[in-house]
Amino acid sequence: MAAVLLTAALAYILPVHLGFRALFPEPSPIIEPLGNAVRQAVTPSDIVFSPDFEIPTDPPHLLALAGKRVYYAPSLAAIAADVSRYPTSEYNVVLLFLRPLDASWGRELSGAQGVMISGLLLYRFDAKTFARLAQQAVPRPEEPPMPARSGEYRWDVEGFFRLFPRVPTP
């Protein structure tokens, strides 16, 4: 009888155990330092954007470490369109960069002073200052679409730390 119960338990547990890594993949080694850097750099009243990476809700590894969502933003115009839905002005818009600004971001942020915090280049604007800055922003025709919300983190071919969709297993 014990052998039958053990066999039944193994028949149930083995497929679940083998599928565990597909459901919960090992996090990338960059997740912990990036999550800790974001946690140190932002406050609860910040709405955080980055053209270099995002922190979505799924998978939750990076969000758990950072304690804050980071939205992907290809330009100031994209950020302005997103924050226009917030009715109050009791927030800050924070831009985080993993690398030096490219020419288009340099033009859009000319006159603003960035600060290096934990290896991230950070620009923080209160809502009114950002609204004035965003009035001058124009959409870029080459803006890439928002990446998928579920997958694995890795560097893409252009050097951006992005979330890529999980490849379905056959």
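Parameters at a glance
- Residues numbered from 1 in each chain as written.
- Predicted model: local features only at pLDDT ≥ 70, side-chain atom pairs only at ≥ 80, totals over all residues.
- Heavy atoms only, no water.
- Helix = DSSP H or I, 4+ residues; strand = E, 2+ residues; numbered from the N terminus.
- Areas by Shrake-Rupley, 256 points an atom, 1.4 Å probe, with all protein chains shown as cover.
- Buried < 20%, exposed > 50% of the residue type's maximum accessible area, 1.4 Å probe, protein only.
- Arc of directions from axis to C-beta.
- Contact = heavy atoms within 4.5 Å.
- Polar contact = N/O pair within 3.5 Å; in protein donor to acceptor, adjacent residues only side chain to side chain.
- Salt bridge = Lys/Arg side-chain N within 4 Å of Asp/Glu carboxyl O.
- Phe/Tyr/Trp six-rings, centres within 6.5 Å; stacked < 30°, edge-to-face > 60°.
- pLDDT = per-residue confidence, 0-100.
- Pairing = 2+ DSSP bridges.
- Axes fitted to C-alpha atoms, helices over the stretch in contact; angles between N-to-C directions.

### What to know about the overall build of the chain
Then comes step 1: A tally of regular secondary structure across the chain gives seven helices and seven strands.
Then comes step 2: The helix and strand sequence of the chain, counted from the amino end, reads α-α-α-β-α-β-α-β-α-β-β-α-β-β.
Then comes step 3: If you sum the accessible surface of the chain, you get close to 10200 Å²; carbon and sulfur atoms cover 63% of it.

### Some points on helix α5 (residues 76–83)
Then comes step 1: Those residues of α5 not exposed but buried are Leu 76, Ala 77, Ile 79 and Val 83. The arc that holds the buried residues of α5, viewed along the axis, is 160°, so those residues lie on one side.
Then comes step 2: The secondary structure elements touched by the buried residues of α5 are β1 (46–50), β3 (92–97), α6 (103–108) and α7 (127–135).

### Topic: α7
Then comes step 1: Those residues of α7 that fall on the buried side of the exposure criterion are Ala 127, Phe 130, Leu 133 and Ala 134. For α7, the arc enclosing every buried residue in end-on projection is 125°, short of the 170-degree limit, so these residues lie on one face. Along α7, the residues that are exposed and aim more than 90 degrees away from the buried face are Lys 128, Arg 132 and Gln 135.
Then comes step 2: The inward-facing, buried residues of α7 contact α5, β3, α6 and β5 (120–126).
Then comes step 3: Put simply, Asp 126 is the residue that caps the front of α7, since its side-chain oxygen is 3.2 Å from the backbone nitrogen of Lys 128.

### What about the pattern of salt bridges?
Then comes step 1: Under the defined criterion, the tally for this structure stands at two salt bridges.
Then comes step 2: For Arg 99, the salt bridge is made with Asp 52, and the minimal N-O distance between the two is 3.5 Å. Of this pair, Arg 99 sits in the loop between β3 and α6 while Asp 52 sits in the loop between β1 and α4 (61–66), and the two are 47 residues apart along the sequence.
Then comes step 3: With a relative accessible area of 30%, Arg 99 lands in the partly exposed category.
Then comes step 4: What makes Asp 52 buried here is its relative accessible area of 4%.

### A word on the side chain of Lys 68
Then comes step 1: Note on placement: Lys 68 falls in the loop between α4 and β2 (70–72).
Then comes step 2: Separated by 3.0 Å, the side chain of Lys 68 and the backbone oxygen of Pro 44 make a polar contact.
Then comes step 3: A distance of 2.7 Å separates a polar atom in the side chain of Lys 68 from the backbone oxygen of Asp 46.
Then comes step 4: If sequence neighbours within four positions are ignored, Lys 68 has contacts with Val 42, Thr 43, Pro 44, Asp 46, Val 48, Ile 55 and Leu 63.

### Remarks on the packing of aromatic side chains
Then comes step 1: Scanning all chains against the criterion turns up four aromatic pairs.
Then comes step 2: For the pair Phe 97 and Tyr 123, a centre-to-centre distance of 5.9 Å together with 85° between the ring planes defines the contact as edge-to-face. In this pair, Phe 97 sits in strand β3 while Tyr 123 sits in strand β5, placing the two residues 26 residues apart along the sequence.
Then comes step 3: Given a relative accessible area of 2%, Phe 97 falls into the buried group.
Then comes step 4: When its relative accessible area of 7% is taken as the criterion, Tyr 123 is described as buried.
Then comes step 5: Grouping aromatic residues by their ring pairs yields a cluster made of Phe 97, Trp 105 and Tyr 123.

### A word on the confidence of the model for the chain
Then comes step 1: When pLDDT is averaged along the chain, the result is 77, and 74% of the positions lie at 70 or above.
Then comes step 2: No element of the chain has a lower mean pLDDT than strand β7 (residues 161–165), which averages 53, and none a higher one than β3, which averages 93.
Then comes step 3: In this model, residues 146–150 is a region of pLDDT below 50 whose contacts with residues beyond four sequence positions or in other chains number 21 contacts.
Then comes step 4: Here residues 166–170 scores under 50 on pLDDT; set against residues more than four positions off or in separate chains, the count is seven contacts.

### Topic: the sheet that holds β2
Then comes step 1: An order of β2-β1-β3-β5-β4 is seen for the five strands of this open sheet, with the pairing classed as mixed. Looking at which strands have only one partner, the edges of the open sheet turn out to be β2 and β4 (115–117). Neighbour-to-neighbour, the strand axes of the sheet open up by a mean angle of 35°, direction not taken into account.
Then comes step 2: In the sheet, β1 pairs with β3 via four bridges, with the strands oriented parallel. Note that in β3 the partner of Ile 47 across the bridge is Val 93.
Then comes step 3: Packed onto the sheet, helix α3 (residues 31–41) meets β1, β2, β3, β4 and β5 and runs at close to 30° relative to β5.

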